[in-house]
Structures are given as structure tokens and as C-alpha cells.
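Coordinates in review
In case you want the letters, here they are:
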Amino acid sequence: MLSVADAFVITQQHLLTLPAESIPVTEATGRVLREAIRADRDFPPFDRIAMDGIGISFSAYASGQRTFSIIGRQFAGQPQQTLTDPTACLEVMTGAMLPLGVDTVIRYEDVTIADGQATITINDIEQGQHIHRCATDRQAGDELVREGMLLGPSAVAVATSVGQAMLSVTALPRVALISTGDELVDVDETPLPYQIRRSNTYMLRAALLSLGITATLHHIIDDEEVLADNLAKLMAENDLLILSGGVSAGKADFVPAVLAQLGVQKQFHQIAQRPGKPLWFGTTSQKTVFALPGNPVSTVLCAYRYVMPYLRASLGLAIAAPQYAQLAKPITFRPEITYFLPVRLTSEPDGRTLAHPLPGSGSADFANLLDADAFMELPADRSEFGAGEAFPLWGK
Ligand SMILES: Nc1nc2c(c(=O)[nH]1)N[C@H]1C(S)=C(S)[C@@H](COP(=O)(O)OP(=O)(O)OC[C@H]3O[C@@H](n4cnc5c(N)ncnc54)[C@H](O)[C@@H]3O)O[C@H]1N2
Ligand code: MOO
Ligand SMILES: [Mg+2]
């Protein structure tokens, strides 16, 4: 059976091709940048006063002068002024242009001012102090934000500072989330004794929202023809279909056969893992289908181990290396498949992250996941996992 690593590689070899689109910077948070943001001018664009105080010519200070006549004020937002008398001073404000003739700034805290005279009260003045020199942070043309970056508040600030009201970002895919199963009723319905409320597609919708993707919700009954008709329609209208349920060995598990009938090329079905063994993945030239096992814990695991990394990579984000933690106590798992163990994480005073196992009662026990912070990936090639051993984490 296919290994977790191989299944992951196959999904990443069939990424969605998503175009770039131009959107207002006010709507860009959480989107992926498609064109680097460059400095339109130097950062800062002029020699900038960095502290409120007085501006002097250092030569006067060096010759022993400590008291200076105040002959004007240089405010932020004013054109550059000139210190016409090198033995006098100007009051200068943070963010203002450095006046001509001024090369040193002394903070208000370090002078006393009386009768139009400023007297320096400290001894260690350095030439050039409290001046943020032109182009010391970045130069015009420098790359400020690289392509493929997830846009957060700092990137938005940088973009607006260089005049980019519109940004080129990866367009979001159209995603349909489809639950299947005659036993399922919707959130606002009261289940009969043999029914349950469906939750998997709601879980997936919440997860996709974290990438800015608003997916549509659908439900299809266990009937081959109805399934084929509805899936054909949803395939035409979407880039990605994510199904839940109907992929295992039951007599109403029609999903793989119907997808094949619709011309979706199966890339794999079943992975040597628990939970989520019956995961099905297929593609057409333009579209992708993930058919997730119906058990809720399987859905969550498959979403975090395969679907979310697939979407991140399709959007143009680099694949992040997983975080690791150390098992807090030993675990035995005999089947020769990868075991994704739900764990609660604690951060220890010595800097370690410990993973406390929460095995729960199996892949239908999704209430257990509320106490878990992640799944720990325990490799297939062994059955004993010792306390203190480190393994990768996935989700939530
Ligand atoms: N003979 C075998 N039986 C099963 C196998 C197997 O290998 N051989 N695999 C088991 C594993 S592992 C899983 S996981 C499940 C996968 O089942 P399906 O993908 O076919 O899903 P369903 O049969 O439709 O439902 C399974 C279970 O999940 C509940 N479910 C389904 N959809 C939702 C939803 N949207 N929200 C909440 N719960 C949902 C459903 O009611 C069932 O209880 O198969 C095992 N069987
Ligand atoms: O994949 Mo199933 O989730 O092992 O129950
Ligand atoms: Mg089934």
C-alpha cells in the first residue's frame, strides 16, 4: 500500500494552476503575493530627524559651546529649512527633514530651554546622533516583499508606503465541499434514531477559511445516478471538489466508481495510515478531487496532512517544514502503517515541547480532537515509540 510520504508527493505533483488577480491592498490580508513589492524610493527617503529636540552644527559643540539661541523650528511635513547661523540651533521634530547646516540632534530631555536659549545638560554628544540617514534601511528598487509571501499586517504597511493601492495575488480556487450519505441530516434538522448531523464539510469549510477560501457546501444521497449527475455539475463549476464519505468497502460506497465514470483519473486510493486509510485522490487536466474517508477524525487528519498543504502550495506558498515534539510517554502501535496520534502539546521550562498522547476511541471519536493540539506522525516501520523521541506534528 502507498506510504504517507509517496501519497503526499503525488498530491503535490498535481497542484491547481491558479491565475494572478489584482485586488485592493485593503483586502489583501491572508492572500499570497504574486509580484514582488519593491521600494519606489529610498527608505527613509531623506535624512530624517529621529528624536524631538534641537538640531545643531557639531563643530560649535566641538569648540566648547553648550548654549545655543533657538532661531526657528523644523516640523515634519515642512520643506527643508536652513540653520543660517552655525552657532545657533533649530528645534527639530521626529519625522522632519534634517535642516541644512544641522548634523547633530539633541533630545529635549537632554537640554534646558529658557529665554529662547537651549543649554545642553549632558556630556556624551556624538556627531550625527538621532539622525536616520537617507537609504539606510532600503534603497530605491530593492525588493521589500518577495513573491509567494502570505500577506500580513507588516506587508500591507510596506505596500501602502510604496504607493501600491492594488496588489497582484493568487486568485482563490473555487472549492465545493460535498458530504455523501443517507444517514446524514443538516445542522438545523433533528436526527432520527438512525441518523446523525453532518459535520465534516463544516469542518473543512472552517479550515479553508483560514486560507481565505470560501467553499460552498453540498450534500448528495447514496444513489449512483444522483451522485454522478450532481458531481458532474459541481465539477463543471469548481476547480477542486472535496468529498467526504463513500470511499470505503461498503455497498453504498459509490464515490470511487462514480468519479472514474466521470473521467476523473485516480492517482491513488488507500494509504498505509491510520486514520484516513481509504483516502482517494484524482485529477482531470484542470480539476482535482479529494475524496476523504467519512469518519470525522479521518477527515480532519486528511485535511491537515494532505488537503491544506495542497491548497497552500497551489496558492504559491512554500511548503513549511513540520514542527516536532517529544513523546511524553511511550506508545505501542503494531500495524505496519503510519499512525497519526492525536496529542496535546505542552511547552516545558527547559524549552522542549512535549506531546501527550490522546488516542481517543478511534476515528469516529472527533470530540477527542477538541482536547488535541495536533496529530503526531509515528512512522510505519516500527511499533515501539519511546518517551523523549521526537516526531513531526500536523494541524490543527
Ligand atoms: N470492510 C471495510 N470497512 C471499512 C474499511 C475497510 O478498509 N474495510 N475502512 C474503514 C475506515 S478506515 C473508514 S475511515 C471508513 C470510511 O468510510 P467511508 O469513507 O466509506 O465513509 P462512510 O461509509 O460514508 O461513513 C463512515 C462514517 O463516517 C460518518 N460520516 C460520513 N460523512 C460524515 C459527515 N459529513 N459528517 C459526520 N460524519 C460523517 C458516517 O456516518 C459513518 O459513521 O470506513 C471503514 N470501513
Ligand atoms: O481511516 Mo479510518 O479513519 O482508520 O477509521
Ligand atoms: Mg463507507
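The chain goes by Molybdopterin molybdenumtransferase in an unreviewed UniProt entry, where it is assigned to Spirosoma aureum. Quoted straight from UniProt, the Sequence similarities (unreviewed entry) entry for the chain says "Belongs to the MoeA family." In the Function (unreviewed entry) part of its UniProt record, the chain is described as follows: "Catalyzes the insertion of molybdate into adenylated molybdopterin with the concomitant release of AMP."

Further remarks concern the site of ligand 2. Surrounding ligand 2, one finds R274, P275, G276, K277, P278, N295, S298 and S363. Within the backbone of G276, a nitrogen or oxygen atom sits 2.4 Å from an oxygen atom of ligand 2. At a separation of 3.1 Å, an oxygen atom of ligand 2 approaches a polar backbone atom of K277. Here the residues of the shell around ligand 2 are counted per class, giving 2 nonpolar, 4 polar and 2 charged.

What follows covers the coordination of the magnesium ion (ligand 3). Around the magnesium ion (ligand 3), the protein contributes the donor atoms D253 (OD) and D253 (OD), which lie 2.4 to 2.5 Å from the metal centre. When you line up the elements, D253 lands in the loop between strand 17 (240-244) and helix 6 (255-261).

Moving on, we come to the pairing of strand 21 (residues 288-292). Of all 5 residues making up strand 21, 5 are buried, and the element is well covered by its neighbours. Burial along strand 21 is two-sided: T288, F290 and L292 and V289 and A291, pointing in opposite directions, are all buried. Pairing between strand 17 and strand 21: 5 bridges, direction parallel. Residue pairing in the sheet places L240 in a bridge with T288 of strand 21. Examined bridge by bridge, strand 20 (residues 280-283) and strand 21 share 4 bridges and lie antiparallel to one another. Each residue of the ladder has a partner; that of W280, found in strand 21, is A291. Once strand 20 ends, the chain turns through 4 residues before running back antiparallel as strand 21.

Conventions we followed
Residues numbered from 1 in each chain as written. Chains lettered and ligands numbered in written order. Predicted model: local features only at pLDDT ≥ 70, side-chain atom pairs only at ≥ 80, totals over all residues. Heavy atoms only, no water. UniProt positions renumbered as here; feature names shortened; annotations may be inferred. Near = heavy atom within 4 Å. Polar contact = N/O pair within 3.5 Å; in protein donor to acceptor, adjacent residues only side chain to side chain. Nonpolar A, V, L, I, M, F, W, Y, C, P; charged D, E, K, R; others polar. Donors = N, O, S within 2.8 Å, 3.2 Å for Na, K, Ca; no water. Helix = DSSP H or I, 4+ residues; strand = E, 2+ residues; numbered from the N terminus. Buried < 20%, exposed > 50% of the residue type's maximum accessible area, 1.4 Å probe, protein only. Pairing = 2+ DSSP bridges.

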